[in-house]
Amino acid sequence: MTRNPLVLLLAALFAFTPSYAAASSCNPNEADVAEARIMHYRESKCADQVLDQADGALDQALAYEQRGEVSRMCSAFYSAIMQLDRYKRGEWRDGYARIAEKIDDKFADRVARFENTTCPQKILLYRHLALKGDAWAMYRLGSSYASGTGVAQDDNEALAWYQQAADRNYPDANMALGVMYSDGKAFVPDYRIAFNWFAKAAEQGNAEAQFQLGSLYRKGYGVTKNSKQAADWYRKAAEQGHAGAQAGLKEMYQAGEARKPLFGY
């Protein structure tokens, strides 16, 4: 069988042309190689190096804490988190899922530990992550503005950040917005809007939102009064151990607003 000379030429060219592979994130001056195995090894070593450095910074932070140097502890801790954040957002991620997962797990652990401190840099972290689209950070920033923790209290800022987190379907943000529109502390109560936010959080399994939704149905605030719906939502919350919902059901049974089932709440 006669082969097309052009096809043979192209095949020869591809055979001798190495595939493109970039250097590792830690050493951009490394020579490119064609083997994916080698590139994965390089990036894995780079990730280990970054993790070791971050662990070293954390150890330093803990040493500062033991000496009572809280300010230096906070700075070192924050620096370690930001170092991980810079690396985890690199262009290398798409080709190395397992390495990315390891880095993400370490980052999440560090952020959780930092969250339990009183470091003022937490606000910087929330804002940094929020501006990059992190719904959890948006919610935490909103909570900080709502309570005036680490920033000047500002209900409008709280509302804006809660809204952004809720737009990303973050359950706690839905709940927070429901509270803002129902408790009358930040704004004149608007139970119709509050009902919509509580409904979203309730559907996501939030027991407090289920209780609040039941209460709105029971009172007819923001929605047509409906004892059956009130009892149904109270039961969902009560089954999760919500004391207020359990008490609310007891009141409804005693008042004849709902019929108590043979089993359960």
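Going by the structure above, here's the rest.
Residues numbered from 1 in each chain as written. Predicted model: local features only at pLDDT ≥ 70, side-chain atom pairs only at ≥ 80, totals over all residues. Heavy atoms only, no water.

> Can you help me understand the overall build of the chain in this one?
Helix and strand counts for the chain stand at 12 helices and 0 strands. Each helix and strand of the chain, placed in order from N terminus to C terminus, yields the pattern α-α-α-α-α-α-α-α-α-α-α-α. Out of the 265 residues in the chain, the part that is buried amounts to 39%. Element-wise, carbon and sulfur atoms account for 52% of the exposed surface of the chain, whose accessible area totals about 15400 Å². (Helix = DSSP H or I, 4+ residues; strand = E, 2+ residues; numbered from the N terminus. Buried < 20%, exposed > 50% of the residue type's maximum accessible area, 1.4 Å probe, protein only. Areas by Shrake-Rupley, 256 points an atom, 1.4 Å probe, with all protein chains shown as cover.)

> How do you make sense of the nonpolar core when you look at a structure like this?
The nonpolar side chains of a soluble globular protein tend to be buried, and buried together. Among the nonpolar cores identified, the biggest contains 74 residues, and Tyr87 and Leu125 are the most heavily contacted of them. Tyr87 has contacts with Ser25, Glu43, Cys46, Ala47, Val50, Trp92, Ile99 and Ile103, leaving out every residue within four places of it along the chain. (Core = buried A, V, L, I, M, F, W, Y, C linked by side-chain atoms within 4.5 Å. Contact = heavy atoms within 4.5 Å.)

> Would you mind showing me how to read the side chain of Arg218 here?
The topology assignment puts Arg218 in helix H10 (residues 207-219). Under the relative-accessibility criterion, Arg218 is labelled buried at 17%. Those residues in contact with Arg218 that sit more than four places away from it in its chain are Lys225, Ala230, Tyr234, Gly248, Glu251, Met252 and Glu257.

> Is there a simple way to think about the packing of aromatic side chains in this case?
Tallied over the full model, the rule gives 10 aromatic pairs. Ring centres of Phe195 and Tyr217 lie 5.4 Å apart, and the angle between their planes is 85°; this geometry places the pair in the edge-to-face category. Linking Phe195 in helix H9 (residues 191-203) with Tyr217 in helix H10, this pair joins segments that are 22 residues apart in sequence. Taking relative accessible area as the criterion, Phe195 reaches 13% and is therefore assigned buried. (Phe/Tyr/Trp six-rings, centres within 6.5 Å; stacked < 30°, edge-to-face > 60°.)

> Sorry, what's going on with the environment of Lys260 here?
One can find Lys260 in the segment after helix H12 (243-255). Taking relative accessible area as the criterion, Lys260 reaches 57% and is therefore assigned exposed. Along the sequence, Lys260 and Ala231 sit 29 residues apart, while their C-alpha atoms lie 9.5 Å from each other.

> Whenever I open this one, the state of the cysteines confuses me. Can you help?
Note: disulfide means a covalent bond formed between the sulfur atoms of two cysteine side chains. By the definition in use, this model includes 2 disulfides. Each disulfide pairs two cysteine sulfurs, and for Cys26 the partner residue is Cys46, the sulfurs being separated by 1.9 Å. Its S-S torsion of approximately 80° makes the covalent link between Cys26 and Cys46 right-handed. Residue Cys26 is found in the loop between helix H1 (5-16) and helix H2 (36-66), and its partner Cys46 is found in helix H2; the two are separated by 20 residues along the sequence. In this structure Cys46 comes out as buried when scored by relative accessible area, which is 2%. The residue that forms a disulfide with Cys74 is Cys119, at a sulfur-sulfur distance of 2.1 Å. Between Cys74 and Cys119, the S-S dihedral sits near -80°, and the bridge is therefore left-handed. Here Cys119 lies in the loop between helix H4 (97-115) and helix H5 (121-130) and Cys74 lies in helix H3 (residues 70-88), a separation of 45 residues in the sequence. Judged by relative accessible area, Cys119 falls into the buried class, the value being 2%. (Disulfide = S-S within 2.5 Å.)

> What is the right way to look at H4 in this model?
Because each turn of an α-helix spans 3.6 residues, side chains separated by three or four positions in sequence point in the same direction. In this model, H4 (19 residues) spans 26 Å end to end at C-alpha, consistent with the 27 Å of a helix rising 1.5 Å per residue. The complete set of buried residues in H4 reads Ile99, Ala100, Ile103, Phe107, Arg110, Val111, Phe114 and Glu115. Buried positions in H4, seen along its axis, are confined to an arc of 135° and lie on one side of it. Facing away from the buried surface of H4 by more than 90 degrees, the exposed residues are Ala97 and Arg98. Next to the buried residues of H4 lie H2, H3, H5 and helix H6 (135-147). (Expected span 1.5 Å × (residues − 1). Arc of directions from axis to C-beta.)

> What's the story with the packing of H4 against H5 in this structure? I'm lost.
In helix packing, the relevant descriptors are the interaxial angle and the interaxial distance, both defined with respect to the helix axes. It is the contact of H4 with H5, at a shortest axis distance of 10 Å, that shows an interaxial angle of 140°. The pairing of H4 with H5 is recorded here as oblique in orientation. For the element pair H4 and H5, the recorded crossing hand is left-handed. Where H4 abuts H5, its residues Phe107, Val111, Phe114 and Glu115 lie against Gln121, Lys122, Leu125, Tyr126 and Leu129. Of the residues contributing to the contact of H4 with H5, the split by class is 6 nonpolar, 1 polar and 2 charged. (Axes fitted to C-alpha atoms, helices over the stretch in contact; angles between N-to-C directions. Parallel < 35°, antiparallel > 145°, perpendicular 65-115°, else oblique. Left-handed = near helix turned anticlockwise from the far one by under 90°. Nonpolar A, V, L, I, M, F, W, Y, C, P; charged D, E, K, R; others polar.)

> How do you make sense of unusual backbone geometry when you look at a structure like this?
Trans is the prevailing form of peptide bonds, just as negative phi is the prevailing case for residues other than glycine. One non-glycine residue with positive phi stands out, namely Asn169, at about 65°. Mapping Asn169 onto the fold places it in the loop between helix H7 (155-167) and helix H8 (171-182).

> What is the right way to read H8 from this model?
For H8, which comprises 12 residues, the first-to-last C-alpha distance of 17 Å matches the rise-based estimate of 16 Å (1.5 Å per residue) to within 8%. With 9 of its 12 residues buried, H8 lies for the most part within the structure. Among the residues of H8, those classed as buried are Ala173, Asn174, Met175, Ala176, Leu177, Gly178, Met180, Tyr181 and Ser182. Against H6, H7, H9 and H10 lie the buried residues of H8. Backbone geometry just downstream of H8 places Gly184 in the positive-phi region, at approximately 75°.

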